[in-house]
Amino acid sequence: MSGEKPILEIKDLTFTYAGAETPALKNINLQIFEGEYVALLGLNGSGKTTLQLCINAVIPHMIMGDMEGSVTVQDLDTAEYPTRELAKIVGVVFDNPEFQLSQMSVAEEIALGLENLGVAVEEMNPIIHEVLDIVGLSGLGDRSPFELSGGQQQRLSIAAALAMRPQILVMDEPTSNVDPIGKEEVFAVAAKLNRERKMTVIMAEHEVEVMAAYANRIIVMDHGEVILNGTPTEVFSQLDVLEKAGLRVPQVTEMAYRLEHDRSAHWNSVYPVTTEEAFQRIAPLFGGKHD
Amino acid sequence: MRGVVIPISMVPGNSVIHRISPLPKLLLAGCVLVLSFSTRNPAILGALIVLGMVMVSVANIWKPFLRVMAILFPILLTLITLQSIAPAFPRPWTPIVSMGPFTIYQEGIYSGVTMVERATSMTIFALAAIMTTHPSDLFASLQKIGMPYVLNFILTMTLQLIPILQKEFTTVLSAQKSRGLKGTGFAAVLPSMVPVFVGAIERVQQLSISLESRAFGSSGAKTSYRSVKVSWVDYLLMLLTTFGTCGLLYWIITDPSLDWSRTLIFAPWLAITLFTLATIGFLIFVIIAIRVVLRA
Ligand SMILES: Nc1ncnc2c1ncn2[C@@H]1O[C@H](COP(=O)(O)OP(=O)(O)O)[C@@H](O)[C@H]1O
Ligand SMILES: [Mg+2]
């Protein structure tokens, strides 16, 4: 990755909301590359949403405050390009499904962005079909967005963003208002986009098990600062740091820790973070056949 | 809360009226509006109402139509009550009967009845157009006849917001009740308004960020996904509507005998009956409305 150019580069970013006394983001430095699946972890109020709003220029163009440092997406400085001009690069999905929808039908919800870009009407239906297919909502084009389940609404929001062909998909706790089945569906769509289309995904999420399985990078925020930044294995191996920030690690990782402390198991500081990894490393201890 | 907000939206169907493009329907509703305001002749207004009812029948939308009228009509009835005793009409007024401090005037009854007819005919045609047209087509048509994009968008959003806020209000209210808040009267309704209102502001902020993220507000040319097709049948209908309206207007303006305000004499018993019915009808409505709101 070293020679490659980052798709998103954040340099010395500090942001203080207008009227706030302390900054919501403190001296953030990050480089994110095309095709990465980045999970943002952190307690409520740690600055995940604020950071994500900086990526598509909502900060500083739509939300007032004091911003220092720079955010560059695809070589475009967000200080110079307002949100609407970044729509073709950054798609966003927020936590509350209903607050993002406004149209009379699913198809029109997707068409809205295309209309704003001035896409020719004949080209719209193929795009609408394609993105509905990607998110698994084919055939629901005529339904009202407000009749859909929470999971379907979030997938519609993803589809509406996808229609504009972004390279980065920013998702802010997209499953926090969604039922368990809906959560799975949303995670599955995000993973598929990342795997099959090299979509760069930046997702704030509380479900550490899911993030351990899907993300290839975890960024942990605490009081507006990035305190950890690395692969799931690297990050979840820092149990003490995470605990101090009030965060959990995946259950299998926690068990691995306890095995080390109570039963003198040795992981050489590389703890398993998914059930599969744990199985691969624990199973041999029990002998017997394995292949 | 059900029944408090007036449900005005499309009633799915496949009648002739449903299939006509929205433009002739909008034009007809507009023409009836003009006609209703240009005459006070009860017979012409009555004929418009009958025509409107024929449309409602053909479209097969009596039930939702009557549901709206059940709320609107009693409010209109106040016009008869108020006009009877204080006509919006040039003097001299012809008294029919006196009841204590109130006198019912001939011109007042005439004015009240024709005002109710006017409002009814306008409403019927507007409702018939709205209830037989998909809202998206309606907005696409409004845009076609020159309504600005942003205004159109605001209208769409407002229509979407009403049922959502209504649902939220019900949720908040039942949550507050389950937390032991005394659940009757405006005392219970008011505290629920605050979170709904705050929620609405948050929703609008979030939505504007969400829309902007989808390039809303970009300069540059926009396209429109929904488009209304206008066929020759629609043009013919619009032509007929225009000619019909012009003809009627010409007649209304040039024929002074259509002013029946001094010739249509209401017998005292008829005047009192109309006045009483209108007043009672309105009072019953007010009582029912208050009870529905308080029970919510
Ligand atoms: N619109 C705002 N105005 C002022 N302060 C805000 C605003 N939004 C968030 N904050 C503050 O910024 C900090 C970070 O919040 P946020 O980015 O929403 O965190 P997270 O998404 O991780 O929960 C919090 O202290 C929060 O109170
Ligand atoms: Mg947040």
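Up top you'll find the structure we're talking about.
As a starting point, this report considers the structure included with it. Along each chain, the written sequence defines residue order, and numbers are assigned to residues from 1. Chains and ligands are labelled by the order in which they are written, letters from A for the one and numbers from 1 for the other. With pLDDT at 70 or above as the cut-off, local features in this predicted model cover only qualifying residues; side-chain atom pairs require 80 or more to be listed or tallied, and sums for whole chains, interfaces and linings still use all residues. Each side-chain value is derived from all of the structure's non-hydrogen atoms; neither hydrogens nor water enter the calculation.

Residues and elements named next belong to chain A. Strands are labelled as partners when DSSP assigns at least two bridges between them. Numbered from the N terminus, helices here are DSSP runs of H or I no shorter than four residues, and strands are runs of E no shorter than two. If you trace the six strands from one edge of the open sheet to the other, you get E6-E7-E8-E3-E9-E10, paired in mixed fashion. Among the strands making up the open sheet, the edge pair consists of strand E6 (90–93) and strand E10 (225–230). In this sheet, adjacent strand axes meet at a mean angle of 15° when their direction is disregarded. As judged from the five bridges shared by strand E9 (residues 217–222) and E10, these two strands associate in the antiparallel manner. Residue Val220 lies in a different strand from E10, and its bridge partner there is Leu228. We call two residues contacting when some pair of their heavy atoms lies within 4.5 Å. Simply put, an axis is a line fit to the C-alpha atoms, just over the touching stretch for a helix, and the angle between two N-to-C directions goes from 0 to 180 degrees. Helix H5 (residues 150–162) contacts E6 and strand E7 (168–172) of the sheet and is inclined by roughly 165° relative to E6.

Turning to the site of ligand 1, a few remarks are in order. Residues and elements named next belong to chain A. Around ligand 1, the neighbouring residues are Tyr17, Ala24, Leu43, Asn44, Gly45, Ser46, Gly47, Lys48, Thr49 and Thr50. As used in this structure description, the phrase polar contact means that two N or O atoms lie within 3.5 Å; if the pair is within protein, one of them must be able to donate a hydrogen and the other to accept it, and residues adjacent in sequence are counted only when both atoms belong to side chains. Note that a nitrogen atom of ligand 1 is positioned 3.4 Å from one of the side-chain N or O atoms of Tyr17. Contact distances for ligand 1 include 2.8 Å between an oxygen atom and a side-chain N or O atom of Lys48. By residue number, the principal contributor to the shell around ligand 1 is helix H1 (residues 48–55), which donates three residues. Tallied by class, the residues present in the shell around ligand 1 amount to three nonpolar, six polar and one charged. Proximity is defined per residue: if any heavy atom of the residue lies within 4 Å of a molecule or strand, that residue is considered near it. Put simply, Ala, Val, Leu, Ile, Met, Phe, Trp, Tyr, Cys and Pro go in the nonpolar bin, Asp, Glu, Lys and Arg in the charged bin, and everything else, Gly too, in the polar bin.

In this complex, chain A contributes 38 residues to the contact, which on the side of chain B involves 33 residues. Note: buried area is the sum, over both parts, of the accessible area (probe 1.4 Å) each one loses when the two are combined. Summed over both partners, the interface of chain A with chain B comes to about 3,100 Å²; 57% of that surface belongs to carbon and sulfur atoms. Here a salt bridge means any side-chain nitrogen of Lys or Arg lying within 4 Å of a carboxyl oxygen belonging to Asp or Glu. Applying the counting rule to chain A against chain B returns four salt bridges. B:Arg226 is the salt-bridge partner of A:Glu108, the closest N and O atoms lying 3.6 Å from each other. Where chain A packs against chain B, one counts 10 residue pairs in polar contact (both at pLDDT 80 or more). When residues of the side of chain A that touches chain B are traced back to their parent elements, those giving at least two are E6, helix H3 (106–117) and helix H4 (121–134) of chain A. By residue number, the principal contributor to the side of chain A that touches chain B is H3(A), which donates 10 residues. Grouping the amino acids of the side of chain A that touches chain B by side-chain chemistry returns 24 nonpolar, nine polar and five charged.

Let us now look at the packing of helix H2 (residues 22–38) of chain B against helix H6 (residues 135–144) of chain B. All names here are of chain B. The geometry of H2 relative to H6 is characterised by a closest axis approach of 9 Å and an angle of 70° between their N-to-C directions. Viewed along their axes, H2 and H6 adopt a mutual orientation that is roughly perpendicular. Packed against H2, whose contacting residues are Pro22, Leu23 and Leu26, the element H6 presents Asp137, Leu138, Ser141, Leu142 and Lys144 at the interface. Of the residues belonging to the contact of H2 with H6, the class tally is five nonpolar, one polar and two charged. By the definition adopted for this analysis, an angle is roughly parallel if under 35 degrees, roughly antiparallel if over 145, roughly perpendicular if from 65 to 115, and oblique otherwise.

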